[in-house]
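# Structural overview for review
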Amino acid sequence: MKFSEAWLREWVSPALDTQALADAITMAGLEVDAVEPVGAIFEGVVVATVIAKAPHPDADKLNVCQVDDGSGDPVQVVCGAPNVDTGQKVPFARVGAVLPDNFKIKQAKLRGVESRGMICSASELGLEEGRSEGIYVLPADAPVGKDFRAWLQLDDHTIEVDLTPNRGDCLSLRGMAREVGCVTGTKVNEPGIATVVARNNAQFPVVVSDGERCPRYLGRVVRDVDITASTPLWMCERLRRSGIRSIDPAVDVTNYVMLELGQPMHAFDLDALNGGIEVRRARSDERLTLLDGQEVVLDGDTLVIADHDRALAIAGVMGGEATGISGETRNLFLEAAYFSPLAVAGKAREFGLHTDASHRFERGVDPDITRPAMERATELLTAIVGGSPGPITEVRQPAHLPRRPDVELRRERLSACLGTRLPDEDIQRIFRSLGMTSSAPGQSWHVQIPSWRFDISVEEDLIEEVARIHGYNRLPVRRPQARLSLTADDEASQPLRRLRRHMVSRGYQEAVTYSFVSPELQALITPGALSPTLANPISSDMSVMRHSLFPGLIKALIHNLNRQQQRVRLFETGLVFQGELDALVQTSMFGGLICGSREVEGWSSSRDGVDFFDLKGDLESLIALSGEADAWSFIEETHPALHPGRSARLYRQGKAVGWLGALHPAVRAELGIKPEVYLFEVEQEALTRGVIPRFTPLSRFPEVRRDLAFVVSDDVGVAPLLDAIRARAGEWLTQWQLFDVYQGKGVEEGFKSIALGLTWQHPSRTLNDEEINQLIAGVVEVAQTRFGATLRS
């Protein structure tokens, strides 16, 4: 909101200078962005009359003028402006005047003719951007000899306020004056708005077909206007200082009323309307050419102002070109309406527009200001262009107008939030200054909210209003008191950051991918998986919520491979989404991926590629952090995205918690990935949950180790064999280790040799050979009976 300080002071004028006034507005919660002079600095310029004009004897484009500047004697000046003429009132810079940019006016000769001063254009005085086409012609009633700067009140400032979306009530001088009056305790002097008496019976029919979106609509016919009349300079200046360009009297008046009262209005050329006005929703594919020349195609959700033949305007946004005001307009139809914010919200942006009207209607316009605005606009318009106004036509549907809420404010709640108890008289005064009516039965106030405050609906809103009007800087500073107790630290769980750091220490980099993935990629990785589909996705390849971390990791891998990064190690943490929206299950997962060489390239490094066991080893090191590695098992199972025979399901204490394996060759071929890729995905909760370490005294007695090599069939897994051996080896088994797997000479085809190292140690005595031999016999027996194993000789 941009406005003139002088205009504001006509409404409310506290005893503050410009900067103090801006500070007061900011402290009220309305941030002042800029305070700037309305015009450039100059001096020595007066109002003058051109009393004679003659062509320059030696220049076709120059004129020799005689100017009356109020000093008594005519002043000769050479002027090159094409629009200079006798009888004009103009700004005249006398000899010695200083114009913007320190340009000093001196007596000079132009083509041999003496010139004592300069007739100025608006741009030369810093009142217009760019270069003016001619001199600045002033109104006929401008006083000759009067200092131009003082006459035009150029020692004024524009104040620009950055309003939050909830404060649409301050998008007018009326609203800003109320705020300044509240925070400074100064009386607000609202200009009186007289009721304009109808001079004829002319009315234009109005029908509102969508009362929910337009519960109040006013229209008025004004006949026999002279639209060629000039808008008064005072109005043009106020518009200019508010950032609005003067166009014609009808448009200027509606813009002026919008700035003054906050009610956007529109003027139609009455003779271009057919039948009557109808406020309705647009028909599908209905077309409208707007005032800016843009043709838009409307949809059925757009509210329009129409006549019996066509759409005339987008309600609350912009009027149409066909019914706009032109130099031939003689009869007007004025419109003032209340459109609900939801009816206008987003419509301007939908058509690539942003107008002052839509900016206000989206935030909420006072529904009670429409009739005063119509009277004010009629009064101003007829004073400029003449004409004969008819009676106001009003269509009103009270059931759809905003209701004024009655909000309760408890004394104790107010005191607790402010940290102090304010006197009841001060609180009542604040309510009155805000236009609120209140009563105080018992320990609370019941406050009725005025029609212009859309942002107040609950108790906290009233507390905020009392605080800001009383003054945030006047509230006491008190340090909060809190009796804090230490929260219990779950020693059995480990923070996620530790898992992240561990992966980084093993050469991985963390990836952060979108939770939205391509439906085609998800169907390829997890066919048949159910996850929510976005109603309004960022793009078509990010339209479903991920069912797994695999798609994001694979997409990140492809991105790196396409940029010649052949060795890739990534991990990611995040949520996956399984099931439909009404029964959605969200699970935090931890995933990883490796591809390329096992070691970083170097003169001493091997060029071997990674395999299943590289990733399994990294995952096992992660599992070991929980201190309960024995609770985990890897069972060979199949996954649609993983290579059969090189994939495993992860279980913790018998519960399935993840997957590990090589990416399926068919999936790699579909995605264009040439190297082998290995990846895993595990529930975060399974990784972060551990056990509390317990101390076991060290045995002082010697260890006994025995190495056994079993020959088993190829299809026998090492993990089941080890589990069976550990269960049979007794409680004194302290270590077990697989140290060799061999196939080749000496081992029958279809079999493999598995070499295990088993270590026993008793806590209180030395184990003898007989005890060890019994344990070894039990191990061999279970291996033979359950797995068909034989000892390798």
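In this report, we go over the structure that sits alongside the text. The shown structure was predicted, so the numbers you read here are calculated from the model rather than taken from an experiment. The numbering scheme is per chain: residues are counted from 1 as the chain's sequence reads. Only residues with pLDDT of at least 70 get local features here, since the model is predicted, and only at 80 or more are side-chain atom pairs given and counted; chain-wide, interface and lining totals rely on the full set of residues. Values shown for side chains rest on all heavy atoms present in the structure; no hydrogens or waters enter the calculation.

What follows covers the overall build of the chain. Each helix and strand counted, the chain has 21 helices and 38 strands in total. Atoms considered for the radius of gyration are the C-alpha atoms alone. The globule rule reads 2.2 Å times the number of residues to the power 0.38. Computed over C-alpha atoms, the radius of gyration of the chain comes to 43 Å, more than 25% over the 28 Å expected from 2.2 N^0.38 for 793 residues, which places it beyond the range of a compact globule. Projected onto the principal axes, the alpha-carbon positions of the chain cover approximately 135 × 80 × 60 Å. Taking all 793 residues of the chain together, the buried fraction comes to 49%. Any two residues having at least one pair of non-hydrogen atoms within 4.5 Å are treated as being in contact. Nonlocal contacts in the chain, meaning residues at least 24 apart in sequence, comprise 69% of its contacts between residues at least 6 apart. Secondary structure follows DSSP: runs of H or I at least 4 residues long count as helices, runs of E at least 2 residues long count as strands, and numbering of each begins at the N terminus. For every residue, the accessible area (1.4 Å probe, protein chains only) is compared with the maximum for its type, and the residue is labelled buried under 20%, exposed over 50%, or partly exposed between those bounds.

A word on the side chain of Arg376. By the element assignment, Arg376 lies in helix H10 (residues 370-385). We classify Arg376 as buried; its relative accessible area is 11%. A polar contact is formed between the side chain of Arg376 and the side chain of Glu260, at a distance of 2.8 Å. Sequence-distant contacts of Arg376, defined by excluding residues within four places in its chain, comprise Ile193, Tyr256, Val257, Glu260 and Leu261. By the criterion applied in these results, polar contacts are pairs of N or O atoms within 3.5 Å in which, for protein atoms, one can donate a hydrogen and the other can accept it, and in which residues neighboring in sequence qualify only through two side-chain atoms.

So, on to the pattern of salt bridges. Whenever a carboxyl oxygen of Asp or Glu lies within 4 Å of a side-chain nitrogen of Lys or Arg, that contact is scored as a salt bridge. Inspection of the entire model under this criterion finds 61 salt bridges. With a shortest N-O distance of 3.7 Å, Arg283 and Glu286 are connected by a salt bridge. Between Glu676 and Arg668 there is a salt bridge whose closest N-O contact spans 3.9 Å. A single network of salt bridges, built from pairs that share partners, joins Arg167, Asp169, Glu179, Arg453, Asp455, Glu465 and Arg468.

All right, on to the sheet that holds strand S11 (residues 157-162) then. Strand pairing is assigned whenever DSSP identifies at least 2 bridges connecting the two strands. Reading across from one edge, S1-S11-S2 is the order of the three strands in this open sheet, with antiparallel pairing throughout. Pairing within the sheet leaves two strands with one partner each, and these edge strands are strand S1 (2-4) and strand S2 (31-37). Direction aside, the axes of adjacent strands within the sheet are offset by 25° on average. Across the sheet, helix H2 (residues 18-27) touches S1, S2 and S11, and the angle it forms with S2 is around 160°. Where helices are involved, their axes are fitted lines through C-alpha atoms of the stretch in contact, as for all axes, and angles between N-to-C directions lie from 0 to 180°.

A 1.4 Å probe that fits but cannot get out identifies a cavity on a 1 Å grid over protein atoms alone, an open set with protein on both sides within 12 Å along at least five of seven lines counts as a pocket, and a residue lines either if it has an atom within 4 Å of a point. Grid points are joined across faces, edges and corners, and a volume is the space filled by probe spheres set on the points. Enumeration according to the criterion identifies two cavities of 30 Å³ or more in this entry. The volume enclosed by the largest cavity comes to roughly 120 Å³. By residue number, the principal contributor to the lining of the largest cavity is helix H4 (residues 173-184), which donates three residues. Partitioning the lining of the largest cavity into residue classes produces six nonpolar, five polar and five charged. Note on residue classes: Ala, Val, Leu, Ile, Met, Phe, Trp, Tyr, Cys and Pro are nonpolar, Asp, Glu, Lys and Arg are charged, and everything else, Gly too, is polar.

This brings us to the layout of surface pockets. Estimated volume of the largest pocket: approximately 1,400 Å³. Lys616, Glu620, Phe634, Val718 and Ala719 are the residues nearest the centre of the largest pocket, which is lined by 36 residues in total. At the level of elements, helix H17 (612-624), strand S31 (632-636), strand S32 (642-652), helix H20 (718-728) and strand S36 (733-742) are the ones that each hand at least two residues to the lining of the largest pocket. Of the residues forming the lining of the largest pocket, the biggest block, seven residues, is contributed by H17. Residues of the lining of the largest pocket, tallied by class, amount to 18 nonpolar, seven polar and 11 charged.

This part takes up the packing of H2 against H4. Packing of H2 against H4 leaves a shortest axis separation of 10 Å and a crossing angle of 95°. It follows from the interaxial angle that H2 and H4 lie roughly perpendicular. For the pair formed by H2 and H4, the contact residues are Leu21, Ala24 and Ile25 on the first element and Met176, Val180, Val183 and Thr184 on the second. Classifying every residue of the contact of H2 with H4 by side-chain character gives six nonpolar, one polar and no charged. With respect to orientation, any angle under 35 degrees is reported as roughly parallel, any angle over 145 as roughly antiparallel, any angle of 65 to 115 as roughly perpendicular, and every other angle as oblique.

This brings us to the sheet that holds strand S33 (residues 655-663). Sheet architecture is open: seven strands sit in the order S26-S29-S30-S34-S33-S32-S31, paired in mixed fashion. In this open sheet, the two edge strands, each paired with only one partner strand, are strand S26 (509-510) and S31. As defined by bridge partners, S31 adjoins S32 across five bridges and the pair is classed as antiparallel. Bridge assignment links Phe634 to a residue of S32, and that residue is Leu650. Across the sheet, H17 touches strand S29 (568-578), strand S30 (585-595), S31, S32, S33 and strand S34 (677-683), and the angle it forms with S34 is around 25°.

Before going further, it helps to spend a moment on a negative patch on the surface. A contiguous patch of negative charge, built from Glu31, Asp33, Glu36, Glu160 and Asp162, is present on the exposed surface. For the negative patch, the elements supplying multiple residues, two or more each, are S2 and S11. Per element, the largest residue contribution to the negative patch is three residues, and it comes from S2. For Asp33, the location among the structural elements is in strand S2. What makes a patch is a set of residues exposed beyond 30% relative accessible area and free of salt bridges, joined within 9 Å when like-charged and within 5 Å when nonpolar (Val, Leu, Ile, Met, Phe, Trp, Tyr). Computed with a 1.4 Å probe, the accessible areas rest on the Shrake-Rupley method; for each residue, only the protein chains presented here act as cover. Positive residues here are Lys and Arg, negative ones are Asp and Glu, while His and the chain termini are left out of the count. Taken as the charge centre is NZ of Lys, CZ of Arg, CG of Asp or CD of Glu, depending on the residue.

By the secondary structure assignment, Thr329 is in the loop between strand S20 (318-319) and strand S21 (332-338). Polar contacts involving the side chain of Thr329 include one to the side chain of Asp269, which spans 3.0 Å. Side-chain polar atoms of Thr329 contact the backbone nitrogen of Ser326, separated by 2.9 Å. Ignoring any residue separated from it by four or fewer positions in sequence, one finds Thr329 in contact with Val225, Ile227, Asp269 and Gly324.

So, on to the pairing of S21. Taken across its seven residues, S21 has seven buried, putting it largely inside the fold. Neither face of S21 is left uncovered, since the one carrying Leu332, Leu334, Ala336 and Tyr338 and the one carrying Phe333, Glu335 and Ala337 both have all their residues buried. As paired strands, strand S13 (residues 216-223) and S21 are joined by seven bridges and run antiparallel to one another. Note that in S21 the partner of Val221 across the bridge is Phe333. Here strand S14 (residues 265-269) pairs with S21 via five bridges, running antiparallel. Across the sheet, residue His266 finds its bridge partner in S21, namely Glu335.

Taken as a whole, helix H11 (residues 411-418) has its buried residues at Arg411, Leu414, Ser415 and Leu418. Looking straight down H11, one finds its buried side chains confined to an arc of 95°; they lie on one side. Those residues of H11 that are exposed and angled more than 90 degrees off the buried face are Glu412 and Ala416. Check the buried side of H11 and you find it contacts strand S23 (406-410), helix H12 (424-433), strand S25 (444-448) and helix H13 (459-470). Among the residues trailing H11, Gly419 stands out with phi positive, at a value near 80°. Think of the arc as the fan of directions from the helix axis to the C-beta atoms.

Moving on, we come to H12. When H12 is considered as a whole, its buried residues turn out to be Ile427, Ile430 and Phe431. Down the axis of H12, the buried side of the element spans an arc of 100°, and every buried residue falls inside it. Facing away from the buried side of H12 by over 90 degrees, the exposed positions are Glu425 and Arg432. Buried positions along H12 lie against S23, H11, strand S24 (437-439), S25 and H13. At the C-terminal side of H12, Gly435 shows a positive phi close to 80°.

Let us look at the packing of H12 against H13. Packing of H12 against H13 leaves a shortest axis separation of 10 Å and a crossing angle of 100°. Relative to H13, the element H12 is oriented roughly perpendicular. Contacts between H12 and H13 involve Ile430, Phe431 and Ser433 on the former and, on the latter, Leu462, Glu465, Val466, Ile469 and His470. Grouping the amino acids of the contact of H12 with H13 by side-chain chemistry returns five nonpolar, two polar and one charged.

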